[in-house]
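A look at the structure
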Amino acid sequence: MSISGKLLATVNSDKNTGVRYTYDAMDRLIEVHPATYVSSTFYAPICQFLFGEIGGAIMGIADFYLKIKFKNYNIDEFTSIYQSFANEKIFRILDKESELNYLSIECKFDILIPSIVIVFENLHQHKNNIDSIETYGIITKFDFDTVEDFLRCVFYCNKDKLLSYYNQLGYFAIDADNYYKTRIKLRKYYKKLE
């Protein structure tokens, strides 16, 4: 898989393994990570950019998912993380299996950065029991030390779908000259990070 000539991932589909590549803002290769590719996970290849299904929920072009896999069964930790997402209106719980050690949530591209910050803060405190994160069919070990690293991973895994969303439906654009006046009118939709 590549974008603009940059190789994002290589996939060995018969073994469901691969390698994920990360670039800096100057398009220089900065990280190479082993990854597990799950071709049947959530998105059928032909509908990858349009629709997906997880836990019986239809996902649209504006959505991306995160599937959190835990290392060990710990009902208190699982419940704490589950509640942290259930209490936030920006997430939708897609499915959960505490006995099978995973939890899947849906997020929206329009609020990508706040979503990633909240997810990272909720998971990082339980880092020792988080095995991996799956998004867009790519499974990555949860070994992120900073929210920037986590954002970079989620962004690169979902970049094609995100750009397709912006190209097809547009992005949230407030006129720079009237930014503060318009933002005040929309303030009921803004929430501070805690």
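Conventions and cut-offs
- Residues numbered from 1 in each chain as written.
- Predicted model: local features only at pLDDT ≥ 70, side-chain atom pairs only at ≥ 80, totals over all residues.
- Heavy atoms only, no water.
- Helix = DSSP H or I, 4+ residues; strand = E, 2+ residues; numbered from the N terminus.
- Buried < 20%, exposed > 50% of the residue type's maximum accessible area, 1.4 Å probe, protein only.
- Contact = heavy atoms within 4.5 Å.
- Areas by Shrake-Rupley, 256 points an atom, 1.4 Å probe, with all protein chains shown as cover.
- pLDDT = per-residue confidence, 0-100.
- Salt bridge = Lys/Arg side-chain N within 4 Å of Asp/Glu carboxyl O.

What follows is about the overall build of the protein chain. Each helix and strand counted, the protein chain has 4 helices and 12 strands in total. Evaluated residue by residue, the protein chain yields a buried proportion of 41% over its 194 residues. Of the contacts made within the protein chain by residues no fewer than 6 positions apart, 55% connect residues no fewer than 24 positions apart. Here the protein chain displays about 11,300 Å² of accessible surface, and carbon together with sulfur accounts for 53% of that area.

For the protein chain, the mean per-residue pLDDT works out to 78, and 69% of the residues sit at or above 70. Predicted confidence is poor over residues 37-58, with pLDDT under 50, and the contacts of this stretch with residues over four places away or in other chains come to 54 contacts.

This paragraph deals with the pattern of salt bridges. If you walk through the whole model with that rule in mind, you get 7 salt bridges. Between aspartate 63 and lysine 108 there is a salt bridge, with its nearest N and O atoms 2.5 Å apart. Highlighted residues: aspartate 63 in strand 8 (residues 63-70) and lysine 108 in strand 10 (residues 102-108), separated in sequence by 45 residues. According to the relative accessible area criterion, aspartate 63 is buried, its value standing at 5%. On the accessibility criterion, lysine 108 (32% relative accessible area) is partly exposed.

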